[in-house]
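Results of the structural survey
Listed here are the chains, written in short residue letters.
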Amino acid sequence: LEGGIEVPEQKKKKILVVDDEKSTTLSIASHLKNYTSDYELIRAFTKEEAVENIKTKKPDLVLLDIELNGVNAGISILDLLNHEHKNIKTIIISGKAKHLKDQLEEMGCFHFFTKPVDLLELNNKIKDALGIEKIIEDKEYLPIEGRPKAKLLFVETDIRAFAYLASIFDPSAKELQNGADYK
């Protein structure tokens, strides 16, 4: 209630993250949750889960890998979005479909990323796709003492990899950034 007038709460934008690699969807979801609370995140690991979530949850944006479980199932998901859900934008994030980039852009994907993804660029493209003001400069993701800009890592369950990933997402974790010995 503001000045006697009820102001409606801003609806969170829904983002569906589709990738058969659970570590990828977890990494993207973790980054987006840590970065902002403006999004409702939905994850899908198969074409069937993605299609069901598109129909029932009606996301505003889909972050889509093309290759799901060894086949290019992402192309049929993109085709579905273009024919039945034209208002849902799609950002492709793929490590193996570089050769399909032109075709995917012709099919209507908003943007195409190859893995690994630059987090600041991903944030800007998401904001662009959702019509939200872009980040001009985010000091949290600028290089720290010669370290390259943070990249989204897709790693196995290894404590050293986890420590490095945690240090990227949580700059306050000084012992992780300083290379503490993990065994």
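The structure this text deals with has already been given above.
An account of the accompanying structure is given in this report. (Residues numbered from 1 in each chain as written. Predicted model: local features only at pLDDT ≥ 70, side-chain atom pairs only at ≥ 80, totals over all residues. Heavy atoms only, no water.)

This paragraph deals with the overall build of the protein. Within the protein one finds seven helices and five strands. Listed by position from the N terminus, the elements making up the protein come as β-α-β-α-β-α-β-α-β-α-α-α. Taking all 183 residues of the protein together, 43% fall into the buried category. Expressed as a percentage of contacts within the protein between residues at least 6 apart in sequence, the contacts between residues at least 24 apart total 61%. Element-wise, carbon and sulfur atoms account for 48% of the exposed surface of the protein, whose accessible area totals about 10800 Å². (Helix = DSSP H or I, 4+ residues; strand = E, 2+ residues; numbered from the N terminus. Buried < 20%, exposed > 50% of the residue type's maximum accessible area, 1.4 Å probe, protein only. Contact = heavy atoms within 4.5 Å. Areas by Shrake-Rupley, 256 points an atom, 1.4 Å probe, with all protein chains shown as cover.)

Here we take up the packing of aromatic side chains. Within the structure shown, the criterion is met by zero aromatic pairs. Taking NZ or CZ as reference, K22 lies 4.9 Å from the ring centre of F45, over its face. (Phe/Tyr/Trp six-rings, centres within 6.5 Å; stacked < 30°, edge-to-face > 60°. Lys NZ or Arg CZ within 6 Å of the ring centre and 35° of its normal.)

Turning our eyes to something else, we now look at the pattern of salt bridges. Tallying each qualifying case throughout the model produces three salt bridges. Among the salt bridges present, the one from K115 reaches D65, with a minimum N-O distance of 3.6 Å. On the criterion of sequence distance, the pair formed by K115 in the loop between β5 (111-114) and α5 (119-130) and D65 in the loop between β3 (61-64) and α3 (73-84) is long-range, its members being 50 residues apart. Both residues of the pair, K115 and D65, belong to the buried class. E105 serves as the salt-bridge partner of K101, at 3.8 Å between the closest nitrogen and oxygen. One end of the pair, K101, and the other, E105, are both in helix α4 (residues 101-106), four residues apart, so they sit about a helical turn from each other. (Salt bridge = Lys/Arg side-chain N within 4 Å of Asp/Glu carboxyl O.)

One finds V18, I54, V62, I77 and L104 to be the most contacted residues of the largest nonpolar core, which totals 24 residues. Breaking this core down by element, the ones donating at least two residues are β1 (13-18), β2 (39-44), α2 (47-57), β3 and α3. Not counting chain neighbours up to four residues away, the residues in contact with L104 comprise I66, I75, L78, I92, C109 and F112. Counting 17 residues, the second largest nonpolar core, distinct from the first, contains I28, L32, F113 and L122. (Core = buried A, V, L, I, M, F, W, Y, C linked by side-chain atoms within 4.5 Å.)

This part is about unusual backbone geometry. Omega for the peptide link from K115 to P116 comes to -5°, which places this bond in the cis form. Mapped onto the fold, P116 is located in the loop between β5 and α5. In this model, K58 sits at a positive phi of 50°, which is unusual for a non-glycine residue. When you line up the elements, K58 lands in the loop between α2 and β3.

This part covers the packing of α2 against α3. Remark: α2 packs on α3, axes separated minimally by 10 Å, with the N-to-C direction vectors making an angle of 15°. As judged from the angle between their axes, α2 and α3 are roughly parallel. The two elements α2 and α3 meet at a crossing, and its hand is right-handed. Side by side, α2 and α3 meet where K47, A50, V51 and I54 of the first sit next to A73, S76, I77, L80 and L81 of the second. For the contact of α2 with α3, the per-class residue count stands at seven nonpolar, one polar and one charged. (Axes fitted to C-alpha atoms, helices over the stretch in contact; angles between N-to-C directions. Parallel < 35°, antiparallel > 145°, perpendicular 65-115°, else oblique. Left-handed = near helix turned anticlockwise from the far one by under 90°. Nonpolar A, V, L, I, M, F, W, Y, C, P; charged D, E, K, R; others polar.)

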